[in-house]
Amino acid sequence: MNRAIDVKNHPFKFLLYLEWILLGFAAVASILPTPLQRVSTRFPELTVISLTVFGLMGLRLPTNNKKNKIIYTACEIFLILITNFFGGRTSRLFPFLNLILVTRSCLIFQLPGRLVVTALSFSLFLITFKKRFPHVPFRALRQQRLFFFRERLWFFQFSFIALFVLALVFVLLLMNAVLSEWQSREKLTAANEKLRQYALKIENQATLEERNRIAREIHDSLGHSLTALNLQLETATKLLNNNPEKATDFLIRAKELGSQALQDVRESVSAIRSNPLQEQSLETSIDTLIKNFHHSTNIKPNYHINLFYSLPRDISTAIYRIIQESLTNISKYAEATEVNLQITTTASKLHLMIQDNGKGFDIGQNTTGFGLQSMRDRTLALEGDFNIKSIPGGGTKITVDIPLSRFSSTSFDGNI
């Protein structure tokens, strides 16, 4: 702990309130007259002032300077001595002051310092105890009644000392255990905060990379389509009067380019959406995605989806994005004529397979692309396994296995 402990950041405020209650009782006992009390308070004002100062010292505990800790503890011991020797009636409560000294030392010192303060507290207890129960002269042993009285007194003194020792040990062990748990909780909270900040940075970085990728796609695909569209229209305009048939061919090509540009815009918008499923089921969303893919690429899709229950939203979104990215890569690079897609679920896992009959590629030279890395990251985020197999001229096969056992049955919309 780097800063002093005060009321705002006190780890155990109930201890602070308990201290005030005990010190308040002690201050009242030093002022109010008690007819049955044999020992009177010689300096009640001094006792009240000592108790007040002792209580106010609990509002701020030094923790970052060894010299301040020693001076603080010495002042506490001095105030306890004043209270014990001048308190009269208040001296009946002196063990509580010693226990408060030990509890505060646990918040100030490490274990060696706590043991030293505990030993000093026990020494103070013995000094005050000897003052409260004076020595009985040896000549009193001649009288049998006083002999039995002294035996009882010794037994009482021994029992009281043993009880106080047990109380000190209990307080010390309890405070050590509670402080260890509190420090562990503080470390866990700090670790969680660092993890949250790290996750936020990763999310921002992933978002930035996704935006850059979409920007490159728009520049490469949409920009190229619009440029070609503009050239087709300009050529058609020039040939409209001299060669209408040729101009018509250019206009038809321009229309095709416009349709392609519109499809690119739709794909980019779909990639930007935070929730691509749009409250639809995974089966419906994949069906729409594959139909659009077939319409824009003329690649024959064969797909089989066998889901026994509805999946959690994070799994459904990840599966959709993986399929979307795979189809995008196939349409751009694979030169395939057929795509096979299969999704099956069991009680323990989900299996996804995407395979094309395209030209393939060398895995050793092309596995760090953004699309493949994005699919791998989405799978690993769900504690799944991502595998890709491809050879030049032999097509590409992607498999994803995601365990479902970490999700409770209440996480699903249906029953297994």
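Look up a bit, the structure's there.
Cut-offs used in this document
- Position numbers for residues count from 1 along each chain, tracking the sequence in the order it is written.
- Local features are withheld for residues below a pLDDT of 70 in this predicted model, meaning they are given only at 70 or higher, and side-chain atom pairs are given and counted only at 80 or more; totals for whole chains, interfaces and linings count all residues.
- Neither water nor hydrogens contribute to the side-chain values; these are computed over all heavy atoms in the structure.
- Each helix corresponds to a stretch of at least 4 residues labelled H or I by DSSP, and each strand to a stretch of at least 2 residues labelled E; elements are numbered beginning at the N terminus.
- We call a residue buried when its accessible area falls under 20% of the maximum for its residue type, exposed when it is over 50%, and partly exposed in between, using a 1.4 Å probe and counting protein chains only.
- Any pair of residues with heavy atoms lying within 4.5 Å of one another is described as a contacting pair.
- How far a helix is expected to stretch is found by multiplying one less than its residue total by 1.5 Å.
- Arc definition: it is the arc formed by the directions from the helix axis to the C-beta atoms.
- Residues enter patches when they are more than 30% accessible in relative terms and free of salt bridges; like-charged ones are connected within 9 Å and nonpolar ones (Val, Leu, Ile, Met, Phe, Trp, Tyr) within 5 Å.
- Computed by Shrake-Rupley with a 1.4 Å probe, the accessible areas treat only the displayed protein chains as cover when residues are assessed.
- Any Lys or Arg side-chain nitrogen found within 4 Å of a carboxyl oxygen on Asp or Glu counts as a salt bridge.
- Axis definition: a line fitted to C-alpha atoms, limited for helices to the stretch in contact. Angles are taken between N-to-C directions and run from 0 to 180 degrees.
- Roughly parallel covers angles under 35 degrees, roughly antiparallel covers those over 145, roughly perpendicular covers 65 to 115, and oblique covers all other angles.
- By the convention adopted, Pro, Cys, Tyr, Trp, Phe, Met, Ile, Leu, Val and Ala count as nonpolar, Lys, Arg, Asp and Glu as charged, and the other residues, Gly among them, as polar.
- When DSSP finds two or more bridges between two strands, those strands count as paired.
- Stacked, tilted and edge-to-face pairs are distinguished by plane angle, under 30 degrees for stacked and over 60 for edge-to-face with tilted covering the rest, among Phe, Tyr and Trp rings (Trp via its six-membered ring) whose centres lie within 6.5 Å.

A. Structural detail: the overall build of the chain. Along the chain, the regular secondary structure elements total 10 helices and 7 strands. Out of the 416 residues belonging to the chain, those deemed buried represent 39%. Excluding contacts between residues fewer than 6 apart, the proportion of contacts in the chain whose partners are at least 24 apart in sequence is 72%.

B. Structural view of helix α8 (residues 282-297). End to end, α8 covers 22 Å across 16 residues, agreeing with the expected 22 Å (1.5 Å per residue, within 8%). The set of residues buried in α8 consists of Leu-282, Ser-285, Ile-286, Leu-289, Ile-290 and Phe-293. Axial view of α8: buried residues confined to an arc of 130 degrees, hence all on one face. Relative to its buried face, α8 has exposed residues pointing more than 90 degrees away, namely Lys-291 and His-295. Elements in contact with the buried residues of α8: β3 (300-306), α9 (313-334) and β4 (338-345). Two residues or fewer past α8, Asn-298 is found with a positive phi of approximately 65 degrees.

C. Spotlight on a nonpolar patch on the surface. A contiguous nonpolar patch, built from Val-165, Val-169 and Leu-173 and spanning about 240 Å² of accessible area, is present on the exposed surface. Here Val-165 lies in helix α6 (residues 144-239). Among the residues examined, Val-165 registers a relative accessible area of 30% and is labelled partly exposed.

D. Region of the structure containing the pattern of salt bridges. Applying the stated criterion across every chain yields a total of 8 salt bridges. Ionic pairing is found between Arg-185 and Glu-181, a salt bridge with its closest N-O pair at 3.4 Å. Here the residue Arg-185 and the residue Glu-181 both occupy positions in helix α6, the gap between them amounting to 4 residues, near one helical turn. Residue Asp-401 pairs with Lys-349 through a salt bridge whose shortest N-O separation is 3.7 Å. With Asp-401 in strand β7 (residues 396-403) and Lys-349 in strand β5 (residues 349-356), this residue pair connects regions lying 52 residues apart in the sequence.

E. Representation of the packing of helix α1 (residues 13-31) against helix α2 (residues 44-57) in the model. Contact geometry for α1 and α2: axes closest at 9 Å, N-to-C directions at 175 degrees. One way to sum up the angle between α1 and α2 is to call them roughly antiparallel. In this structure, α1 contributes Trp-20, Leu-23, Ala-26, Ala-27, Ser-30 and Ile-31 to the contact, and α2 contributes Pro-44, Thr-47, Val-48, Leu-51, Phe-54 and Gly-55. Looking at the contact of α1 with α2 residue by residue, the classes come out as 9 nonpolar, 3 polar and no charged.

F. Molecular detail of the sheet that holds strand β6 (residues 385-390). In space, the 5 strands of this open sheet follow the order β3-β4-β5-β7-β6, with mixed pairing throughout. Of all the strands in the sheet, the pair left with one neighbour each is β3 and β6. Put simply, the sheet's adjacent strands are angled 5 degrees from each other on average, direction ignored. Bridge analysis of β6 against β7 gives 6 bridges, and the strand direction is antiparallel. Paired with Phe-386 across the strands is Val-400, a residue of β7. Most of the contacts of α8 go to β3, to which it runs at about 175 degrees, and overall it touches β3 and β4.

G. Quick look at the packing of α8 against α9. Relative to each other, α8 and α9 sit at 10 degrees, their axes nearing to 11 Å. It follows that α8 is roughly parallel to α9 by the angle criterion. On α9, the residues touching Leu-282, Ser-285, Ile-286, Leu-289, Ile-290, Phe-293 and Thr-297 of α8 are Ser-316, Ile-319, Tyr-320, Ile-323, Gln-324, Leu-327, Ile-330 and Ser-331.

H. Main features of the packing of aromatic side chains. Taken as a whole and assessed by the stated rule, the structure comprises 6 aromatic pairs. Residues Tyr-17 and Trp-20 carry aromatic rings whose centres are separated by 5.8 Å and whose planes lie at 55 degrees to one another, so their mutual orientation is tilted. Of the two residues, Tyr-17 and Trp-20 are both situated in helix α1; the distance of 3 residues between them amounts to about one turn of the helix. Using a relative accessible area of 35% as the deciding quantity, one classes Trp-20 as partly exposed. Ring centres 5.9 Å apart and planes at 40 degrees place the aromatic pair Phe-125 and Phe-160 in the tilted group. One end of the pair, Phe-125, is in helix α5 (residues 111-132); the other, Phe-160, is in helix α6, and 35 residues separate them in sequence. The exposure class of Phe-125 is buried, given its relative accessible area of 0%. Taken together, the ring pairs in this structure connect Phe-122, Phe-125, Phe-160 and Phe-164 into an aromatic cluster.

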